[in-house]
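# Geometric and topological summary
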Amino acid sequence: MLNYIDGSALSKLLFEEYQPLAAIATTPTAAKLLLPLTQAIGATLWVPESLGGGQDAHPTSGDALPTRGDAHSTRKVYSGSLKEHLSNIWQGNGGLIFCLATGAVVRLIAPLLEDKSRDPAVVVVDEAGKFVISLCSGHQGGADKLANAIALQLAATPVIAGASAGLGLPGIDILGVPFGWHKGEGDWNKVAAVIARGESVQVFQEVGSTLWQSHLPEGHPFDFEGTEDNPLIFPPPYTGGDEGGGCQFPIPKARIWISFTQRRFSPESDLPKVQWHPRVLWVGIGCERGTSKELIETAIEQVFRANHLALGAIAGIATIDLKADEIGLVELYSNRNWPLRIFPAQVLRSFTVPNPSAVVEAEVGTPSVAEAAALCAAGSETLLVAKQVFRLEGQPGACTVAVAQAEQEYTGRTGKLLLVGIGPGQLNQMTPAAQTAVAQADAVIGYSLYIDLISPLLRPGQIVEALPITQEVQRAQRAIELANWGLTVAVVSSGDCGIYGMAGLVMEELQAQGWDGKTPRVQVFPGITALQAAASRVGAPLMHDFCAISLSDLLTPWEAIEKRLLAAAMADFVTALYNPRSRTRTDQIAIAQSIFLQYRDRNTPVALVKDAYRYSEHITITTLDKMLEGNIDMLTTVIIGNSNTRTHAEWIITPRGYKIGEVDSH
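Conventions used here
- Residues numbered from 1 in each chain as written.
- Predicted model: local features only at pLDDT ≥ 70, side-chain atom pairs only at ≥ 80, totals over all residues.
- Heavy atoms only, no water.
- Helix = DSSP H or I, 4+ residues; strand = E, 2+ residues; numbered from the N terminus.
- Buried < 20%, exposed > 50% of the residue type's maximum accessible area, 1.4 Å probe, protein only.
- Areas by Shrake-Rupley, 256 points an atom, 1.4 Å probe, with all protein chains shown as cover.
- Pairing = 2+ DSSP bridges.
- Right-handed = clockwise from strand over helix to strand, strands pointing away.
- Expected span 1.5 Å × (residues − 1).
- Bend = angle between axes of the 7 residues up to and from the residue.
- Polar contact = N/O pair within 3.5 Å; in protein donor to acceptor, adjacent residues only side chain to side chain.
- Contact = heavy atoms within 4.5 Å.
- Salt bridge = Lys/Arg side-chain N within 4 Å of Asp/Glu carboxyl O.
- pLDDT = per-residue confidence, 0-100.

## What to know about the overall build of the protein chain
When its secondary structure is counted, the protein chain shows 19 helices and 31 strands. Sorting the 666 residues of the protein chain into buried and exposed places 49% on the buried side. When the accessible surface of the protein chain is totalled, it reaches about 31,300 Å², and 51% of it is carbon and sulfur.

Structure, rendered in structure tokens:
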């Protein structure tokens, strides 16, 4: 049995990372502008009491009132001053959208600002709906992305003033967010300033995804020569300092470490530095029954401190299934928001560990818990830290701790697959939701031509992978791989992604991989199909029953295609032919013509539309008997009229059946 899903709720999938969202309107004009926006993105619209009875503001009287049947879109009235109201809702929202003068917003929020790592995103929309300004917390709060997304919803111009955006670079303070990295210590403002000036920034990346490196613009300031590609200047094993132990480095103006180690930056150095910690470390825990959270937590902290490991690099903790309900462990992973992975004894005993215990084996059925669980969770064969036993005076129980490193970091995110139809090729013919899906995605995958068509929607820091036209299966598999890892991935197709596009292929591949229908999450964004675009350029040829048939026999036997052509011709369908002719496949379109000539008049109107709405658009209106004289290739859509289709003043019209002066009640 299928559950009903509200279409507006689906669109809110794109705005989940900012939730909860609040919008503020103080005038009827502002309320009119923001109301449909808040309904679409799942935000609460706040209006003052002065608008409580005003019809133009679509207000409510006091309590939250559901809109259009969706209990998550609300309008509320605030009492008293807006300044006081903002102080009440400031900490409870991930983003605030104002339709108010920018200066007024600055004065209102100034007393509330604390730190850009904690402040909500603040976005300002002008009352005409022409501009959307990222005002505060552009990077870490997500205001830049939110402003772009809202601008796409309103067909407005986003105003992003951050230096990194102007350079086409990802913000250094959000660089690792898509990959779930933990932000470590460092002088983030000074490093950002160096990047803004275009000065050299040396990057030492020991672990974590390097996808971000592959998608930087030309002329970027990052220097990767201190990585494994150039071992002569790669820093030696960590000795507690931060200057590379005397190795000769290129002279940078700032440095970035991407590592699971916790570096102690020298206070004598005036070179600004920051560190990101990919979550690659899995902590194996074995403990006696009744061991306290404080003991386990202290043990982990001591192990990490002694080995110069960063707590932020912890992916999660692992143990035997017998300890899944251990109260100390439960409290620890709940408080720290660490995932817990549990394994049965028969799995753990299959691992070879340096410190097996006969006592442990007699007790739980495996000679190792901490070491084996760490290896199992990390998918590794080597421990980074062998097990250590801890007891703590005044705390019950005892525990063992071991650490293993995974090859790929844990993102801590639920992946999403956004299957996007981009329409005929012009951005103004994509739906706002489809444009937002592309702009918000962590990664965008598609055929290179389609990537080029949507390039204005792409933002700094996105992973963009363009694969050749023959690699549709590889595109689907790559998108699923990234989504399973935790990224939000937009897969783009021309026209509608569900009509000869990537949506079906991606979902088939998900099914083949045993997808549960929930993770990763999937949303399909429709687009204007090729046959719709082609039809619109020549009039109204699809006004009566029609069908679409692809002449490509790459995936469908020609015998089946020929049967469909025959059936469509006999049934008098208006017929759109996709993929009519390629360089090596030239006979099929001629066979299709001969079939239709058996059941249609030779003068039946035919439209040949190539690259509808693109700069290379070419349109030919001809007849069924002369259609092969036109220029037909794989980018052409052929529309063959039915027995009643006619032309008029270079337009094609298929009558619906109405009689002039009468109305069809159906």
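So much for the structure itself; the text now carries on.
## What about the pairing of strand β7 (residues 131-136)?
Here strand β6 (residues 121-125) pairs with β7 via four bridges, running antiparallel. When the sheet's bridge partners are listed, Val125 is paired in β7 with Val132. Counted along the chain from β6 to the antiparallel partner β7, the turn is five residues long, and its residue Gly129 has a positive phi close to 70 degrees. By the bridge criterion, three bridges tie β7 to strand β8 (residues 157-159) in an arrangement that is parallel. Along β8, the bridge assignment pairs Val132 with Pro158. For the handedness criterion, the β-α-β arrangement of β7, helix α5 (residues 143-154) and β8 is classed as right-handed.

## Some thoughts on helix α2 (residues 28-41)
Along its 14 residues, α2 runs 20 Å from first to last C-alpha, staying within 8% of the 20 Å computed at 1.5 Å per residue. In α2, a bend of some 30 degrees at Leu34 exceeds every other bend along the element, and Pro36, a proline, comes one to four places later. Looking only at α2, the buried set comprises Ala30, Ala31, Leu33, Leu34, Leu35, Leu37, Thr38, Gln39 and Ile41. Phi turns positive one or two residues past the end of α2, at Gly42, with a value near 80 degrees.

## Some details on the side chain of Arg600
Within the secondary structure layout, Arg600 lies in the loop between α19 (587-597) and β27 (605-610). Its relative accessible area of 5% is what places Arg600 among the buried residues. A distance of 3.3 Å separates the side chain of Arg600 from the side chain of Asp572, its partner in a polar contact. At a separation of 2.6 Å, a polar atom in the side chain of Arg600 contacts the main-chain carbonyl oxygen of Gly641. When near neighbours in sequence (up to four residues on either side) are disregarded, Arg600 contacts Ala568, Ala569, Asp572, Phe573, Leu624, Ile640, Gly641, Asn642 and Ser643.

## Quick word on the pattern of salt bridges
This structure, assessed with the given rule, holds 24 salt bridges. Across the salt bridge formed by Arg336 and Glu297, the nearest N and O atoms sit 3.0 Å from each other. A residue pair is termed long-range when its members are at least 10 positions apart, and Arg336 in helix α9 (residues 327-336) and Glu297 in helix α8 (residues 293-306) qualify at 39 residues. Overall, the relative accessible area of 29% leaves Arg336 in the partly exposed class.

## Here's the deal with the sheet that holds strand β30 (residues 646-648)
Pairing within the open sheet is mixed, and its three strands lie in the order β24-β31-β30. On the outer flanks of this sheet lie β24 (539-540) and β30, each paired with one strand and no other. Bridging between β30 and strand β31 (residues 651-653) involves three bridges; their strand directions are antiparallel. Paired with Arg646 across the two strands is Ile653, which belongs to β31.

## Let's talk about the confidence of the model for the protein chain
Scored by pLDDT, the protein chain comes out at a mean of 88, with 89% of its residues at no less than 70. For the stretch residues 227-249, pLDDT sits under 50, and the model shows 42 contacts to residues farther than four places along the chain or on other chains.

## Considerations on unusual backbone geometry
A cis amide bond links Gln19 to the next residue, Pro20, at an omega of -5 degrees. Its place among the elements puts Pro20 in the loop between α1 (7-11) and β1 (21-25). A positive phi is found at Asn579, a non-glycine position, where the angle reads about 45 degrees. Of the residues examined, Asn579 reaches a relative accessible area of 22% and is grouped as partly exposed. Although it is not a glycine, Glu650 adopts a positive phi angle of roughly 65 degrees. Position of Glu650 among the secondary structure elements: in the loop between β30 and β31.

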